[in-house]
Amino acid sequence: MTIVVFVGALLLAMAMGIPIAFSLLASGVALMWHLDLFDAQILAQNLIGGADSFPLLAVPFFMLAGEIMNVGGLSRRIVDFALALVGHVKGGLGYVTIMAGCLLSALSGSAVADAAALTALLLPMMVKAGHDKSRAGGLIAATGVIGPVIPPSIGLVIFGVAANVSISKLFLAAIVPGILIGAALWLTWAFLVRREKIVPPPRKSAAEILTALRKALWALMLPVIILVGLRMGVFTPTEAAVVAAVYALFVSAVIYREISWRDLYGIFVAAAKTSAIVMFLIAAAMVSAWLITVADLPSKVVGLLQPFMDNKILLMAAIMVLVMAVGTAMDMTPTILILTPVLMPVVNAAGIDPVYFGVMFIINNSIGLVTPPVGTVLNVVAGVGRMSMDDVTKGVVPFMIAEFAVMFLMVIFPWLVTWPAKFFHG
């Protein structure tokens with residue numbers, strides 16, 4: 001009955017059109033009434049305490065870094081560098097999209113920011129070259145999924161805080177899975193464009209490639225600085241977010257000179273608005289997380305999944321299917337915040353590595369960003385690219401299938417995540 005009250009209140013509030021953060025608060029209040037624990041002071045304390053976390057400071061700083069990169073020309077120079085490398089091959093603009101997506105993922109950690117930048121920069125070029133617009137939009141949307149996987153990742157930060165798992169270990173463990181998703185998109189695009197009659201642009205000369213590399217070098221140094229700093233213990237993930245924001249601002253204002261003092265106000269306001277939405281959502285979810293613990297919902301979920309507890313692969317597959325289903329109807333951040341306190345006791349009871357689970361959980365939630373009907377990234381590509389939602393959805397299907405295939409491959413062969421993670425952790 002406890003599960004029915006919590007889930008029912010949440011779904012009812014969402015069906016009424018109430019924003020997800022307030023829906024979480026409503027479901028929390030409903031659960032408090034059901035448990036005869038209602039106390040406005042407890043509600044306020046958990047709400048304030050939910051956002052009072054040092055590691056969560058990484059979220060607004062990574063948001064700020066992403067805004068600066070898009071406005072300051074870092075994103076455009078990375079696209080130009082990828083275009084110089086592989087733009088001349090058949091379907092080269094698709095490969096440019098994937099390469100640029102992986103590189104941008106190592107800068108901002110936001111699927112929405114990456115998808116918006118790639119759509120604005122590459123979709124017109126792909127359409128002009130003769131590619132099907134829906135397929136091109138689908139590829140860009142699917143590439144945006146890599147954003148929350150390859151570090152730095154806002155999703156991994158939120159999961160690490162909610163699950164009390166090392167964010168540094170999550171960052172380092174997610175590198176290879178992110179690259180594998182990029183490789184799957186590369187192969188899928190190669191299969192789809194083999195019959196297209198596209199005239200690729202001429203090959204760039206060695207001098208032009210070096211020029212593009214020189215222009216993009218400052219942008220390309222950022223992920224290296226972050227990953228090396230985390231690996232060597234120079235700074236924490238929260239401090240890495242500050243380093244990313246300051247470095248991006250310095251490069252954009254001093255080196256590239258594409259940001260003036262007048263631009264800073266708009267950049268900071270945009271980052272603050274996005275951060276406020278995410279942080280309030282986290283705070284509201286912490287109320288529900290506390291009540292989930294008090295109501296002992298995790299033990300009830302463990303009981304439901306008991307038939308799978310003896311087989312880690314089957315248990316992971318069952319959890320991934322559950323998250324897939326939730327991801328079709330709910331955005332990434334609330335899914336992480338709602339399911340993490342429920343699933344982590346199950347994972348710990350089964351003896352599954354929490355870092356491995358965290359990476360898989362975030363990959364699944366990331367793919368949920370392109371699964372209709374919600375599909376946040378699909379909406380972004382449709383809006384920026386001036387396309388219908390149906391066209392983007394049709395184009396993303398083969399790439400989405402490829403991403404789910406990679407995810408379940410890592411469920412069957414966990415060493416694809418755990419071995420590289422141990423290598424990077426030292």
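Residues numbered from 1 in each chain as written. Predicted model: local features only at pLDDT ≥ 70, side-chain atom pairs only at ≥ 80, totals over all residues. Heavy atoms only, no water.

Before going further, it helps to examine the pattern of salt bridges. A complete count under the given rule lists two salt bridges for this structure. Among the salt bridges present, the one from Arg-76 reaches Glu-258, with a minimum N-O distance of 2.6 Å. You can see Arg-76 sitting in helix α5 (residues 74-86) and its partner Glu-258 sitting in the loop between α13 (237-255) and α14 (261-294), a full 182 residues away along the chain. For Glu-258, a relative accessible area of 27% corresponds to the partly exposed category. (Salt bridge = Lys/Arg side-chain N within 4 Å of Asp/Glu carboxyl O. Helix = DSSP H or I, 4+ residues; strand = E, 2+ residues; numbered from the N terminus. Buried < 20%, exposed > 50% of the residue type's maximum accessible area, 1.4 Å probe, protein only.)

A surface patch of nonpolar side chains, amounting to about 730 Å² of accessible area, comprises Leu-210, Leu-213, Leu-217, Met-221, Val-224, Val-228, Met-232 and Val-234. Take Leu-210: it is sitting in helix α12 (residues 206-231). (Patch = residues over 30% accessible without salt bridge, like charges linked within 9 Å, V, L, I, M, F, W, Y side chains within 5 Å. Areas by Shrake-Rupley, 256 points an atom, 1.4 Å probe, with all protein chains shown as cover.)

To continue, consider the packing of helix α7 (residues 111-129) against helix α8 (residues 133-144). Any two packed helices are characterised by how steeply their axes cross, that is the angle between the axes, and by the distance between the axes. Across the interface, α7 lies against α8 with an axial gap of 9 Å and an inter-helix angle of 155 degrees. Comparing their axes, α8 and α7 come out roughly antiparallel. Considering how the two elements wind past one another, α7 and α8 form a crossing that is right-handed. Packed against α7, whose contacting residues are Ala-111, Ala-115, Leu-118, Thr-119, Leu-123, Met-126 and Val-127, the element α8 presents Lys-133, Ala-136, Gly-137, Leu-139, Ile-140, Thr-143 and Gly-144 at the interface. Along the lines of polarity and charge, the residues of the contact of α7 with α8 split into nine nonpolar, four polar and one charged. (Axes fitted to C-alpha atoms, helices over the stretch in contact; angles between N-to-C directions. Parallel < 35°, antiparallel > 145°, perpendicular 65-115°, else oblique. Left-handed = near helix turned anticlockwise from the far one by under 90°. Contact = heavy atoms within 4.5 Å. Nonpolar A, V, L, I, M, F, W, Y, C, P; charged D, E, K, R; others polar.)

So, about the packing of helix α4 (residues 58-72) against α5. α5 packs onto α4 with a crossing angle of 65 degrees between their chain directions and a minimal axis gap of 4 Å. Residue-level contacts link Met-69, Asn-70 and Gly-72 of α4 to Leu-74, Ser-75 and Arg-77 of α5. Class assignment for the residues of the contact of α4 with α5 results in two nonpolar, three polar and one charged.

The next point concerns the side chain of Ser-23. Within the element layout of this structure, Ser-23 appears in helix α2 (residues 20-34). Its relative accessible area of 0% is what places Ser-23 among the buried residues.

Looking now at the confidence of the model for the chain. For the chain, the mean per-residue pLDDT works out to 83, and 94% of the residues sit at or above 70. By mean pLDDT, the top-scoring element of the chain is helix α18 (residues 354-367) (93), and the lowest-scoring one is helix α15 (residues 297-304) (68). (pLDDT = per-residue confidence, 0-100.)

On to helix α6 (residues 92-105), then. For α6, built from 14 residues, the straight-helix expectation of 20 Å at 1.5 Å per residue is met to within 8% by its first-to-last C-alpha distance of 20 Å. Counted residue by residue, α6 has 12 buried out of 14 residues, so it is predominantly covered. Among the residues of α6, those classed as buried are Gly-92, Leu-93, Gly-94, Tyr-95, Val-96, Thr-97, Ile-98, Ala-100, Gly-101, Cys-102, Leu-104 and Ser-105. Looking at the packing, one finds that the buried side of α6 touches α5, α7, α8 and α11 (175-193). (Expected span 1.5 Å × (residues − 1).)

Below, the discussion takes up the packing of aromatic side chains. To describe a pair of aromatic rings, one takes the distance between the centres and the angle between the planes. Summed over all chains, the structure comprises seven aromatic pairs. Between Phe-22 and Phe-280 the ring centres are 5.3 Å apart and the planes differ by 55 degrees, which places this aromatic pair in the tilted class. With Phe-22 in helix α2 and Phe-280 in helix α14, the pair connects residues that are 258 residues apart, well separated along the chain. When its relative accessible area of 31% is taken as the criterion, Phe-280 is described as partly exposed. One aromatic cluster in this structure is built from Phe-159, Phe-357 and Phe-361. A cation sits over an aromatic face here: Arg-77 above Tyr-256, 3.7 Å from the ring centre. The ring of Phe-191 has Arg-194 lying over it, and the distance from NZ or CZ to the ring centre is 4.0 Å. (Phe/Tyr/Trp six-rings, centres within 6.5 Å; stacked < 30°, edge-to-face > 60°. Lys NZ or Arg CZ within 6 Å of the ring centre and 35° of its normal.)

Overall, the coordinates contain two cavities of 30 Å³ or more when judged by the stated rule. If you go around the second largest cavity, the residues you meet are Gly-87, Val-89, Gly-91, Gly-92, Leu-93, Ala-129, His-131, Ile-198, Val-199, Pro-200 and Pro-201. Across the lining of the second largest cavity, the residue classes break down as seven nonpolar, four polar and no charged. (1 Å grid on protein atoms, 1.4 Å probe; cavity = no way out; pocket = protein on both sides within 12 Å on 5 of 7 lines; lining within 4 Å. Points joined across faces, edges and corners; volume = space filled by probe spheres on them.)

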